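Architecture and fold: a report
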Amino acid sequence: MNRREFLETVAAAAVLPSFARQAAGANEWGSPVFDVHFHMRPQPAGNVAHLDGAGVTKANLLTRGAALEQVKAIDATAPGRFTWFNSFDVTKPDAVQALTQAVRDGAQGFGEMKFHVAADGPELRRAYALAADLRVPILVHFQEVDHFEGEGAWSTGYAKTFESILKAYPKTTFIGHADAFWANVSAGYHNEAAYPTGPIKRGGVTDKWLGDYSNLFGDLSANSGNNAMSRDPEFTTDFLKRHRDKLFFGSDCSCIDGHGGGVSQAGNPAAARLAGKCVARETLTVLKRSAADDVFQKIVWRNVHTLLRIPA
Ligand SMILES: [Zn+2]
Ligand SMILES: [Zn+2]
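The paragraphs below set out a description of the structure included in this document.

About the criteria used
Residues numbered from 1 in each chain as written. Chains lettered and ligands numbered in written order. Predicted model: local features only at pLDDT ≥ 70, side-chain atom pairs only at ≥ 80, totals over all residues. Heavy atoms only, no water. Phe/Tyr/Trp six-rings, centres within 6.5 Å; stacked < 30°, edge-to-face > 60°. Helix = DSSP H or I, 4+ residues; strand = E, 2+ residues; numbered from the N terminus. Buried < 20%, exposed > 50% of the residue type's maximum accessible area, 1.4 Å probe, protein only. Lys NZ or Arg CZ within 6 Å of the ring centre and 35° of its normal. Salt bridge = Lys/Arg side-chain N within 4 Å of Asp/Glu carboxyl O. Donors = N, O, S within 2.8 Å, 3.2 Å for Na, K, Ca; no water. Tetrahedral: all angles 85-135°; square planar, octahedral: opposite > 155°, others 65-115°. 1 Å grid on protein atoms, 1.4 Å probe; cavity = no way out; pocket = protein on both sides within 12 Å on 5 of 7 lines; lining within 4 Å. Points joined across faces, edges and corners; volume = space filled by probe spheres on them. Nonpolar A, V, L, I, M, F, W, Y, C, P; charged D, E, K, R; others polar. Pairing = 2+ DSSP bridges. Right-handed = clockwise from strand over helix to strand, strands pointing away.

**Focus: the packing of aromatic side chains**
One pair of aromatic rings is described through two measures. These are the centre distance and the angle between the planes. Scanning all chains against the criterion turns up 14 aromatic pairs. Taken together, a centroid distance of 6.1 Å and an interplanar angle of 85° make the contact between tyrosine 128 and phenylalanine 162 edge-to-face. Taken as a pair, tyrosine 128 in helix H6 (residues 122-134) and phenylalanine 162 in helix H7 (residues 158-168) lie far apart in primary sequence, 34 residues in all. A relative accessible area of 0% places tyrosine 128 in the buried class. Aromatic pair phenylalanine 142 and tyrosine 158: ring centres 4.7 Å apart, planes at 45°, arrangement tilted. Here tyrosine 158 lies in helix H7 and phenylalanine 142 lies in the loop between strand E5 (138-141) and H7, a separation of 16 residues in the sequence. Judged by relative accessible area, tyrosine 158 falls into the buried class, the value being 0%. Chaining the aromatic ring pairs together yields one cluster made of Tyr128, Phe142, Tyr158, Phe162, Tyr169, Phe174, Phe181, Trp182, Trp209, Phe235 and Phe239. Taking the ring centre of tryptophan 154 as reference, the NZ or CZ of lysine 114 above it sits at 4.9 Å. Over the face of the ring belonging to phenylalanine 296 we find lysine 288, whose NZ or CZ atom lies 4.7 Å from the ring centre.

**Comments concerning the pattern of salt bridges**
Applying the stated rule across the entire model yields ten salt bridges. Between aspartate 245 and lysine 298 there is a salt bridge; the shortest N-O distance is 2.8 Å. Residue aspartate 245 is found in the loop between helix H11 (233-242) and strand E8 (247-248), and its partner lysine 298 is found in helix H13 (residues 293-308); the two are separated by 53 residues along the sequence. Taking the relative accessible area as the measure of exposure, aspartate 245 reaches 45% and is therefore partly exposed. Given a relative accessible area of 15%, lysine 298 falls into the buried group. Within the structure, one salt-bridge network assembled from shared partners comprises Asp207, Asp238 and Arg242.

**Quick notes on the coordination of the zinc ion (ligand 2)**
Donor atoms from the polypeptide that coordinate the zinc ion (ligand 2) comprise His50 (NE2), Cys253 (SG), Cys255 (SG) and Cys278 (SG), at 2.1 to 2.3 Å from the metal. Coordination at the zinc ion (ligand 2) is tetrahedral: its four donor atoms span angles of 105 to 116° at the metal.

**Considering empty space enclosed by the protein**
Tallied over the full model, the rule gives two cavities of 30 Å³ or more. Reported here for the largest cavity is a volume of approximately 40 Å³. What lines the largest cavity is simply Asp179, Trp182, Ala183, Ala194, Tyr195, Pro196, Ser224, Asn227, Ala228 and Arg231. Secondary-structure elements contributing two or more residues to the lining of the largest cavity are helix H8 (179-183) and helix H10 (222-230). Among the residues forming the lining of the largest cavity, the class breakdown is six nonpolar, two polar and two charged. As a volume, the second largest cavity reaches approximately 30 Å³. Residue lining of the second largest cavity: Val90, Ala95, Val96, Leu99, Glu123, Arg126 and Ala127, and that is the complete set. Those elements that provide at least two residues to the lining of the second largest cavity are helix H5 (95-104) and H6. In the lining of the second largest cavity, the residues fall into five nonpolar, no polar and two charged.

**A closer look at the pairing of strand E6 (residues 174-177)**
Looking down a regular strand, the side chains alternate between one sheet face and the other. Burial along E6 is two-sided: Phe174 and Gly176 facing one way and Ile175 and His177 facing the other are all buried. With four bridges joining them, E5 and E6 adopt parallel strand pairing. Residue leucine 139 lies in a different strand from E6, and its bridge partner there is isoleucine 175. In this fold, the crossover linking E5 to E6 by way of H7 has right-handed handedness. Looking at chain direction, E6 and strand E7 (residues 216-219) are connected through three bridges and run parallel. Looking across to E7, one finds that glycine 176 is bridged to glycine 218.

**A closer look at the layout of surface pockets**
Here the second largest pocket defines a volume of roughly 420 Å³. In terms of lining, the second largest pocket is formed by 25 residues, of which the most central are Lys114, Asp252, Gln265, Ala266 and Asn268. Here the residues of the lining of the second largest pocket are counted per class, giving seven nonpolar, twelve polar and six charged.

The structure is reproduced here in structure tokens:
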């Protein structure tokens, strides 16, 4: 055991008082950070490079299809820094079987679910029911407006139908994400733009449902989350405070180094405002300046541990 390994072992030891463990996990953000929305990269080192570059402590790998071997390889290079979710094409007949197997293999949730189906359609309903049965959260991408011609929409009908789903599946833990979820923090949104701008009109359905339904949570990742939290500083501070138990920091960043290198928004032309920037850094900066320290720490670290029932 070299000195670094020795120190890591000491830092991880449960016998240490909690303040000492906290200090070991603290970083440039003043709190350890968990990125709940991190798409698994093919090379193990690429995953760690983004975390280290952005000052992120741990991340939740979003995978699709058979992923166990890749997850194991990543875990071996950075033990304890990754959890994982799995998704599978919900239109395929073996989706339930595949998702069930992933949970048996250690996946701690479903996601991201991003398919060209209705948010209240039979394909996603099967996944919602399975998530409740297996007691894992399900992370859903809601988008009504194309980013480029011919893209097509994802989990459609959110603003009109999703309240009925929240009622129909009270035991399912839903994590909302993406354009339609975040555009609807503002009232009066009618799918005019993927990323609406300007002050938030109070009373949007996402804001309301986060307050009304204990089974709905929000993932602040991507340009959608960043944009929504950048429109109206007064609203943002109030929103983060009110929903401090229901929100998770996530990046959905595709930059290579945690500093905006490469392509940070996967070439999404509608998200040009974040071109050349690391989404993780940009969103952590917005959260840091908008939230009190305890609210910030809940959103970037503690809430996800409660969600996944893992020690912080
Ligand atoms: Zn997404
Ligand atoms: Zn990045």
